[in-house]
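Listed below, chain by chain, are the residues.
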Amino acid sequence: MKILKDTKGEGYVSICVLIIVIVAIFSSIFTYASAISVINVTRENSKVVLDNFVTTNSTLIFNSIKQGNDYTETLDFPEYTEKLCEFCTLDLSADTLYSYDTDGNLQYSMTLPQMSFQKDNQLEICVRYTVSVPIQFAGKTVTTANVPIEIVSILTEKF
């Protein structure tokens with residue numbers, strides 16, 4: 001067994017600083033990856049609900065387009081928001097939808113979706129909203145990432 005002659009530990013300071021820097025870099029990468037994951041899941045869930053909405057309301061939309069309108073008064077656009085809230089378990093408060101985890105912490109929030117026709121006389125519906133993901137470090141919110149999302153659903157004829 002070899003006995004250490006220098007017991008002050010001065011050689012370990014640079015290694016400890018290097019480990020702290022590496023851990024901080026990995027923490028930043030994991031925080032970024034989780035924020036991107038939340039945004040992608042939100043986009044995919046919204047796309048599923050929008051496709052379902054377009055499919056179920058296709059008859060009303062086609063009748064409106066045949067009449068030369070690109071706006072249909074009989075479509076219930078708040079119905080999309082209700083279905084989105086049910087599908088994603090979101091809470092509606094004022095003009096914002098909130099998603100909480102099992103501990104009651106805010107995962108993300110999103111503005112109320114705005115629905116419109118993408119092109120005149122075509123069955124392309126567009127939904128726009130902004131997702132706000134809180135960026136946290138050591139259990140405290142440092143900043144919030146705001147990402148605008150635009151989803152388009154197109155129903156095509158198969159003849």
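Residues numbered from 1 in each chain as written. Predicted model: local features only at pLDDT ≥ 70, side-chain atom pairs only at ≥ 80, totals over all residues. Heavy atoms only, no water.

A. Highlighting the packing of helix 1 (residues 13-56) against helix 3 (residues 77-88). Look at helix 1 against helix 3: their axes get within 10 Å of each other, and the N-to-C directions meet at 135°. Comparing their axes, helix 3 and helix 1 come out oblique. Between helix 1 and helix 3 lies a crossing of right-handed hand. Of the residues in helix 3, those in contact with Asn 45, Ser 46, Val 48, Val 49, Leu 50, Phe 53 and Thr 56 of helix 1 are Phe 77, Glu 79, Tyr 80, Lys 83, Leu 84, Phe 87 and Cys 88. (Axes fitted to C-alpha atoms, helices over the stretch in contact; angles between N-to-C directions. Helix = DSSP H or I, 4+ residues; strand = E, 2+ residues; numbered from the N terminus. Parallel < 35°, antiparallel > 145°, perpendicular 65-115°, else oblique. Left-handed = near helix turned anticlockwise from the far one by under 90°. Contact = heavy atoms within 4.5 Å.)

B. Here's a closer look at unusual backbone geometry. With a phi angle near 50°, Thr 89 is a residue other than glycine that sits in the positive phi range. The topology assignment puts Thr 89 in the loop between helix 3 and strand 1 (91-93). The class for Thr 89 is exposed, based on a relative accessible area of 59%. Of note in this structure, Ala 94 is not a glycine but carries a positive phi near 60°. Here Ala 94 lies in the loop between strand 1 and strand 2 (96-100). (Buried < 20%, exposed > 50% of the residue type's maximum accessible area, 1.4 Å probe, protein only.)

C. Here's a closer look at the nonpolar core. Core analysis: the largest hydrophobic core is formed by 24 residues, its most contacted members being Leu 50, Tyr 80, Leu 84, Leu 90, Met 110, Met 115 and Val 131. If you list the elements that add at least two residues to this core, you get helix 1, helix 3, strand 3 (106-111), strand 4 (114-117), strand 5 (124-137) and strand 6 (140-154). Examining the composition of this core, we find that 6 residues originate from one element, helix 1, more than from any other. The contact partners of Leu 50, leaving out residues within four places of it in the chain, are Tyr 80, Met 115, Ile 125, Val 127, Ile 151, Val 152 and Ser 153. (Core = buried A, V, L, I, M, F, W, Y, C linked by side-chain atoms within 4.5 Å.)

D. Molecular detail of a nonpolar patch on the surface. Together, Val 13, Val 17, Leu 18, Val 21, Ile 22, Ile 25, Phe 26, Ile 29 and Phe 30 make up a nonpolar patch on the protein surface, roughly 850 Å² of accessible area in all. With respect to the helices and strands, the residue Ile 29 is situated in helix 1. On the basis of relative accessible area, Ile 29 is assigned to the partly exposed category, the value being 46%. (Patch = residues over 30% accessible without salt bridge, like charges linked within 9 Å, V, L, I, M, F, W, Y side chains within 5 Å. Areas by Shrake-Rupley, 256 points an atom, 1.4 Å probe, with all protein chains shown as cover. Salt bridge = Lys/Arg side-chain N within 4 Å of Asp/Glu carboxyl O.)

E. The arrangement of the pattern of salt bridges in detail. Taken as a whole, this structure holds 3 salt bridges when the rule is applied. Ionic pairing is found between Lys 47 and Asp 51, a salt bridge with its closest N-O pair at 3.6 Å. Taken as a pair, Lys 47 and Asp 51 lie in helix 1 at a separation of 4 residues, close to a single helical turn. Judged by its relative accessible area of 27%, Lys 47 falls in the partly exposed class. Its relative accessible area of 30% is what places Asp 51 among the partly exposed residues.

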